[in-house]
Amino acid sequence: MSKNTSADAGNLDAFRSEGDLNLSSQRDQWQAEHLGAPTRALLAKDASLFLHQSLSTPCLNALRRVEGAWIEDVEGRRYLDFHGNCVHQVGFANPKVIAAIKRQLDELPFCPRRYTCEPAVRLAAKLTELAPGDLKRVSFTTGGATAIGMALKYARVATGRFKFVSLWDSFHGASLDAISIGGEAAFRQGIGPLLPGCEHVPPPEPMRCPFGCGRTCNLTCANYLEYVLAKEGDVAAVVAETVRNTPFIPPPEYWQRIRAACDKHGTLLILDEIPIGLGRSGKFFAFEHFGILPDMVVLGKGLGGGILPLAALLTRESLNVAGHMALGHFTHEKNPVACAAGLATLEVIQEERLVERAAALGAYALPKLRELAARHPLVADVRGLGLLLGIELAKVGPEGVFQPAVAAAERVMYESLKRGLNFKVTMGNVLTLTPALTITRAELDQALQILDEAIGMVEKE
Ligand SMILES: Cc1ncc(COP(=O)(O)O)c(C=O)c1O
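About the cut-offs
Each chain carries its own residue numbering, running from 1 in the direction its sequence is written. In keeping with the predicted nature of the model, local features appear solely for residues at pLDDT of at least 70, side-chain atom pairs appear and are counted solely at 80 or more, and the whole-chain, interface and lining totals rest on all residues. Processing note: side-chain calculations cover all non-hydrogen atoms of the structure and skip hydrogens and water entirely. Two strands make a pair as long as DSSP finds a minimum of two bridges between them. Secondary structure is summarised from DSSP: a helix means a run of H or I of at least four residues, a strand means a run of E of at least two, and numbering begins at the N terminus for each. For every element, the axis is a line fit to its C-alpha atoms; helices are fit only across the contacting stretch, and the angle between N-to-C directions ranges from 0 to 180 degrees. In what follows, a contact means two residues having at least one pair of non-hydrogen atoms within 4.5 Å. Only protein chains enter the accessibility calculation, which uses a 1.4 Å probe. A residue is then buried if its area is under 20% of the maximum for its type, exposed if over 50%, and partly exposed in between. In protein, a polar contact means a hydrogen-donor-capable atom and an acceptor-capable atom, both N or O and within 3.5 Å, with residues adjacent in sequence counting only if both atoms are side-chain atoms; elsewhere, any N or O pair within 3.5 Å suffices. To count as a disulfide, a pair of cysteine sulfur atoms needs to be within 2.5 Å. The cutoff for a nearby residue is simple: one of its non-hydrogen atoms must lie within 4 Å of the molecule or strand. In these tables, accessible area is a Shrake-Rupley quantity obtained with a 1.4 Å probe, and a residue counts as shielded only by the protein chains included in the view. Following the grouping adopted for this structure description, the nonpolar residues are Ala, Val, Leu, Ile, Met, Phe, Trp, Tyr, Cys and Pro, the charged ones are Asp, Glu, Lys and Arg, and the polar ones are all others, Gly among them. Residues form patches when they are more than 30% accessible in relative terms and have no salt bridge. Like charges link within 9 Å. Nonpolar side chains (Val, Leu, Ile, Met, Phe, Trp, Tyr) link within 5 Å. For this document, the term salt bridge refers to a Lys or Arg side-chain nitrogen within 4 Å of an Asp or Glu carboxyl oxygen. Paired rings are identified among Phe, Tyr and Trp, the last through its six-membered ring, by centres lying within 6.5 Å, and are further divided according to the angle between planes into stacked (under 30 degrees), edge-to-face (over 60) and tilted (the rest). Two thresholds decide whether a charge sits over a ring: the Lys NZ or Arg CZ must be within 6 Å of the ring centre and within 35 degrees of the ring normal.

**Q** Break down the sheet that holds strand β6 (residues 198-201) for me, citing the residues and quoting the values.
**A** A sheet is described by the order of its strands in space; here 7 strands give the open sequence β4-β10-β9-β8-β7-β5-β6, paired in mixed fashion. Strands with a single pairing partner mark the edges of an open sheet, and in this sheet they are β4 (135-141) and β6. Between one strand axis and the next, the sheet turns by 20° as a mean value, whatever way the strands run. Here 4 bridges tie strand β5 (residues 163-167) to β6, and the two strands are oriented parallel to one another. Residue pairing in the sheet places Val-165 in a bridge with Glu-199 of β6. Running over the sheet, helix α4 (residues 118-130) touches β4, β9 (296-299) and β10 (311-316) and is turned about 135° from β4.

Following this line, the structure appears as structure tokens:
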């Protein structure tokens, strides 16, 4: 592990929006206390080979197994994984997904451009069956950012416009086009020119709202977004995460107002459900909570069963507008093995009623989180939609002044790791909890108990 990665936690807040960082003295300390020589050697080798950046290499630890709701490190410690990069809707190493992949490997392992294959067609058909309204056209890619890139291209072709409006603090992927519309300025620092015509507006996050709406969204941000659409007059699309996985859950009127504003101004609505689709929110598509239909929705992450990289862009039938053009082809666009994994994933979600399960377990966990908030002054807010849960650590002063408890959040994360719970911290102070949808109630209780202890421990310090 290279020593020059450490830095004072207090100086790094600008970079923490998407996740906790490897440039942290708390991380160094955790590693010094917990990792044995073989793990350190593997991490050092990894760090000597891979390009460094603060959200990945140098790494925290090394794994040897993932299964169900759990990950296991090379020294045999098991952690309930409440991060999982949001790929583990059907649980890690799901046996039905693995069996489908193995079968497909023997039948047809690849499908070059200009050819199609049964698994790709079946997966596209299944997704369009699950999608409401006329979201009946599909394109596959190997990752969320590239699917977002395709959505931007289709929006430009369909509208003849090039501008996009998106939300501050949002994340849509790591590629240049995705960081242009992404709302995390840290990802753009020092990167140079990006896509032109990308404008950002405040998200519906009451505790951080620049319009000062207090604890409840009063739709000023939605009104402002409409104002921007009207002023610009030629915006191709609004691009947003239906619910950012912090998670702040907008009131249904928020999305209804934005849908209406888009219709009024000839602007498309593109929703990014890459980490939160496939049932995590308690509905297959998160937008179903809000009584709206987007023009495009992007799925990814867990679509490949948490094993293979796969993302999907679904659009309305009317957006099938580029037949006369070359928009580019992705080498693994109709990869039969990834598509077989996707089909098996959707079958598991349906057969095991994981959408309903996420809703029920979320309804069980949220009151427990509220109890936890009542016990711990460090917890300023808890929020949840299905198994998309968040605990906001902050000090709220007498005038409602909100001070994110950044150092404490990181401490709670490492205290939780010590006790066998893995999760990520978003925005510097939000404990973001996204377990496998297959998690048992006992495992969920175990995680809540760990959080209770870890928060209590940090409060005492
Ligand atoms: C909301 C959101 N959009 C897009 C992406 C990018 O997906 P990928 O990493 O597969 O490119 C992510 C990944 O974390 C995400 O959380």
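**Q** Run through unusual backbone geometry, naming residues and quoting values.
**A** With an omega dihedral of 0°, the bond running from Thr-57 to Pro-58 counts as a cis peptide bond. By the element assignment, Pro-58 lies in the loop between α2 (37-49) and β1 (63-67). Residue Pro-247 is reached from Thr-246 by a cis peptide bond, and omega for that bond is -25°. Structurally, the position occupied by Pro-247 is in the loop between β7 (235-241) and α8 (252-264). In this model, Leu-219 sits at a positive phi of 70°, which is unusual for a non-glycine residue. With respect to the helices and strands, the residue Leu-219 is situated in the loop between β6 and α7 (220-232). With a phi close to 50°, Arg-353 is a non-glycine residue in the positive phi region. The exposed category is assigned to Arg-353, whose relative accessible area is 51%.

**Q** Explain the side chain of Arg-383 residue by residue, including any values.
**A** One can find Arg-383 in strand β11 (residues 379-385). Of note is the side chain of Arg-383, whose polar atom sits 2.7 Å from the side chain of Asp-381. In contact with Arg-383, other than residues within four places in its own chain, are Met-207, Thr-246, Pro-247, Phe-248, Ile-249, Leu-366, Leu-388, Leu-389, Gly-390, Glu-392 and Val-430.

**Q** Account for the state of the cysteines, with residues named and values stated.
**A** Following the criterion strictly, the structure yields 0 disulfides and no others. Cys-262 provides the cysteine sulfur closest to Cys-198, a residue in no disulfide bond, and the two sulfurs are 15 Å apart. The structure places no disulfide on Cys-339, whose sulfur is separated from the nearest cysteine sulfur, that of Cys-117, by 5.8 Å.

**Q** Tell me about the site of the ligand, and name the residues and values.
**A** The full set of residues close to the ligand is Gly-143, Gly-144, Ala-145, Phe-171, His-172, Gly-173, Glu-241, Asp-272, Ile-274, Pro-275 and Lys-301. Here a nitrogen atom of the ligand and a side-chain polar atom of Asp-272 are 2.6 Å apart. In isolation the ligand has 390 Å² of accessible area, and contact with the protein removes 78% of it. Here the shell around the ligand is built from residues that sort into 4 nonpolar, 4 polar and 3 charged.

**Q** Give a detailed account of a nonpolar patch on the surface, specifying residues and quantitative values.
**A** Taken together, the side chains of Phe-211, Tyr-224 and Tyr-227 define a hydrophobic patch exposed on the protein surface, amounting to about 290 Å² of accessible area. Relative to the helices and strands, Tyr-224 resides in helix α7. Given the relative accessible area of 31%, Tyr-224 is considered partly exposed.

**Q** Quick rundown of the packing of aromatic side chains? Include the residues and the values.
**A** A complete count under the given rule lists 7 aromatic pairs for this structure. Taking the centre distance of 5.3 Å and the plane angle of 40° together, the rings of Phe-171 and Phe-187 count as tilted. Of this pair, Phe-171 sits in the loop between β5 and α6 (176-181) while Phe-187 is found in the loop between α6 and β6, placing the two residues 16 residues apart along the sequence. Put simply, the rings of Phe-211, Tyr-224 and Tyr-227 pair up and form one aromatic cluster. If you follow Arg-78 out to its NZ or CZ, it ends over the ring of Trp-70, 4.3 Å from the centre.

**Q** Help me get a handle on the side chain of Ser-416, residues and values and all.
**A** If you trace the backbone, Ser-416 turns up in helix α11 (residues 406-418). Ser-416 sits in the buried class, given a relative accessible area of 0%. Once residues within four sequence positions are removed from consideration, Ser-416 is found in contact with Leu-421, Phe-423, Ile-450, Leu-451 and Ala-454.

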